[in-house]
Amino acid sequence: MAHAGLRDKVAIVTGAAGGLGRATAQRLAEEGVKVVAVDLDTEAAEKTAAELPAEAIGVGADVATEAGVEHYMEEALEAFGQVDFHHLNAGIAGSLADLVDVPVEEWDRVMAVNLRGPFLGVRAAFRQYLKTGTTGSIVVTASIAGLRGSNDLLAYTTSKHGVIGLVHGAAVYGGPIGVRVNGIAPGIVPTSIFGEAGQADMIRRAGTSPLRRAGKPEEIAGSVAFLFSDDASYITGEILSIDGGANIQNTNRNAGGAGLWDVNVADEKILKLHGAASR
């Protein structure tokens, strides 16, 4: 069944050339939404747009820069006159380097794409609503990494915590003028940003979640479509976990998850690095 209030609307989707972004662009197009597919890779963005089952354009832009965000917004307004929905999804993972080895350059790049990019996108969305005299809805991609801590993907995890703060603040700002702002927190959904080895590890770890499997990009896309729709008209400031139940699981109880892993194996690398013979 189609969601209410989507047909003939216009949506910007960043990071649209692959993974979650591409699946969301496809789902929105199937719902009759006109799509502005944005990606750093211009050719890939245009290819994505050309393959969608609705009117669409592809735009190459660096979402981490003001110039890039201004560019995709200008292209969207020139093509469609207004933008109703903004799905700020583009992101990068960074490396699995230990905390003591994370380069400042990597930290800054992850923060630029994953946190400054959504901020610039949210700001541009509100400026566009002001300029066109319209309202709409914004959905930002966070992660279950933004709800908990981890000893790897430190920059990524920190950036996603920041995204959640951005969603909350923007929802409070937008509420009085009828603009809803929500976030999604995908769980283990293997995509290309994590590489082949990373995806294999994700699939293995997803087997300990309550649903005992990894998620699919299409499952994330369906939730984004719902949050944009009139079916979610009284939802704002929420972070929707789409994670097969991983976020609810107490890993210290005999129910699966990290609590059943051998901590001696899990801690071997860091103990060796810091010269600890034992706890």
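Our structure is the block above this text.
Residues numbered from 1 in each chain as written. Predicted model: local features only at pLDDT ≥ 70, side-chain atom pairs only at ≥ 80, totals over all residues. Heavy atoms only, no water.

Novice: Could you clarify how one ought to interpret the pattern of salt bridges in this entry?
Specialist: When the charged atoms of two side chains lie near each other, side chains of opposite charge can form a pair. Taken as a whole and assessed by the stated rule, the structure comprises 6 salt bridges. Two residues, Arg 22 and Glu 51, come together in a salt bridge whose shortest N-O distance is 2.2 Å. Of this pair, Arg 22 sits in helix H1 (residues 19-30) while Glu 51 sits in the loop between helix H2 (42-50) and strand E3 (56-60); the two residues are 29 residues apart in sequence, bridging distant segments of the chain. Of the residues examined, Arg 22 reaches a relative accessible area of 29% and is grouped as partly exposed. Of the charged contacts in the structure, one is a salt bridge between Lys 269 and Asp 98, with a shortest N-O distance of 3.7 Å. Remark: Asp 98 occurs in the loop between strand E4 (85-88) and helix H4 (104-132) and Lys 269 occurs in helix H8 (residues 263-273); sequence separation between them is 171 residues. According to the relative accessible area criterion, Lys 269 is exposed, its value standing at 54%. Each of Arg 22, Lys 47 and Glu 51 takes part in one network of salt bridges that share partners. (Salt bridge = Lys/Arg side-chain N within 4 Å of Asp/Glu carboxyl O. Helix = DSSP H or I, 4+ residues; strand = E, 2+ residues; numbered from the N terminus. Buried < 20%, exposed > 50% of the residue type's maximum accessible area, 1.4 Å probe, protein only.)

Novice: How should the nonpolar core be read in this particular structure?
Specialist: Soluble, globular proteins show a tendency: their nonpolar side chains are buried together. Ranked by size, the top nonpolar core spans 35 residues in total, and within it Tyr 72 and Ile 138 carry the most contacts. Contributing elements (two or more residues each) for this core: strand E1 (10-14), strand E2 (34-39), helix H3 (66-80), H4, strand E5 (137-141), helix H5 (154-174) and strand E6 (180-186). By size, the runner-up hydrophobic cluster in this structure holds 23 residues, among which are Ala 11, Leu 20, Ala 49 and Val 139. (Core = buried A, V, L, I, M, F, W, Y, C linked by side-chain atoms within 4.5 Å.)

Novice: Honestly, the pairing of E6 in this entry has me stumped. Any pointers?
Specialist: One face of the sheet, then the other: side chains in a regular strand alternate in exactly this way. The buried fraction of E6 is high, at 7 of 7 residues. A two-sided burial pattern is seen for E6, the buried positions comprising Arg 180, Asn 182, Ile 184 and Pro 186 on one face and Val 181, Gly 183 and Ala 185 on the other. Note that E5 and E6 share 5 bridges and pair parallel. The partner of Ser 137 across the bridge, within E6, is Arg 180. A crossover connection joins E5 to the parallel E6 through H5; in handedness this β-α-β unit is right-handed. As paired strands, E6 and strand E7 (residues 239-242) are joined by 4 bridges and run parallel to one another. Bridge pairing in E7 places Ile 184 opposite Leu 240. (Pairing = 2+ DSSP bridges. Right-handed = clockwise from strand over helix to strand, strands pointing away.)

Novice: I keep staring at the side chain of Asp 243 and nothing clicks. Help me out?
Specialist: Examined against the element boundaries, Asp 243 turns out to sit in the loop between E7 and H8. Buried and unpaired, Asp 243 has Arg 148 as its nearest opposite-charge partner, separated by 8.1 Å. Separated by 2.9 Å, the side chain of Asp 243 and the backbone nitrogen of Gly 245 make a polar contact. Within the local environment of Asp 243, its side chain forms a polar contact with the backbone nitrogen of Asn 247, the two atoms lying 3.0 Å apart. Setting aside its immediate chain neighbours within four residues, Asp 243 contacts Ile 144, Gly 187 and Ser 209. (Lys, Arg positive; Asp, Glu negative; His and termini not counted. Polar contact = N/O pair within 3.5 Å; in protein donor to acceptor, adjacent residues only side chain to side chain. Contact = heavy atoms within 4.5 Å.)

Novice: Just to check I follow, could you spell out the packing of H1 against helix H7 (residues 217-228) for this structure?
Specialist: Two quantities define a packed helix pair, namely the angle between the helix axes and the distance between the axes. Taken N-terminus to C-terminus, the directions of H1 and H7 make an angle of 55°; their axes are 8 Å apart at the nearest point. Between H1 and H7, the crossing angle belongs to the class labelled oblique. Between H1 and H7 lies a crossing of right-handed hand. Residues Gly 19, Leu 20, Ala 23, Thr 24, Arg 27 and Leu 28 of H1 pack against Pro 217, Glu 218, Ile 220, Ala 221, Gly 222, Val 224, Ala 225 and Phe 228 of H7. Classifying every residue of the contact of H1 with H7 gives 9 nonpolar, 3 polar and 2 charged. (Axes fitted to C-alpha atoms, helices over the stretch in contact; angles between N-to-C directions. Parallel < 35°, antiparallel > 145°, perpendicular 65-115°, else oblique. Left-handed = near helix turned anticlockwise from the far one by under 90°. Nonpolar A, V, L, I, M, F, W, Y, C, P; charged D, E, K, R; others polar.)

Novice: Quick question: what am I supposed to make of unusual backbone geometry here?
Specialist: Of all residues except glycine, most have a negative phi; of all peptide bonds, most are trans. In this model, Asp 8 sits at a positive phi of 70°, which is unusual for a non-glycine residue. Relative to the assigned elements, Asp 8 resides in the segment before E1.

Novice: I keep staring at H5 and nothing clicks. Help me out?
Specialist: Given 3.6 residues per helical turn, the α-helix brings residues three or four places apart onto the same face. For H5, with 21 residues, the first-to-last C-alpha span of 30 Å sits near the 30 Å given by 1.5 Å per residue. Turning to H5, its buried residues number three or more, namely Ala 155, Tyr 156, Thr 157, Ser 159, Lys 160, Val 163, Ile 164, Leu 166, Val 167, Ala 170, Ala 171 and Gly 174. Looking at the buried positions of H5, the neighbouring elements they touch are H4, E5, E6 and E7. (Expected span 1.5 Å × (residues − 1).)

Novice: Explain the sheet that holds E6 here, please?
Specialist: Within a beta sheet, neighbouring strands are joined by backbone hydrogen bonds and run either parallel or antiparallel to one another. Sheet architecture is open: 7 strands sit in the order E3-E2-E1-E4-E5-E6-E7, paired in parallel fashion. Looking at which strands have only one partner, the edges of the open sheet turn out to be E3 and E7. Adjacent strand axes in the sheet meet at a mean angle of 15°, parallel and antiparallel pairs treated alike. Pairing analysis gives 5 bridges linking E1 to E2, with the strands arranged parallel. From the neighbouring strand, Ala 11 faces E2, where its bridge partner is Val 35. Where H2 meets the sheet, it contacts E2 and E3, and its direction lies at approximately 170° from that of E3.

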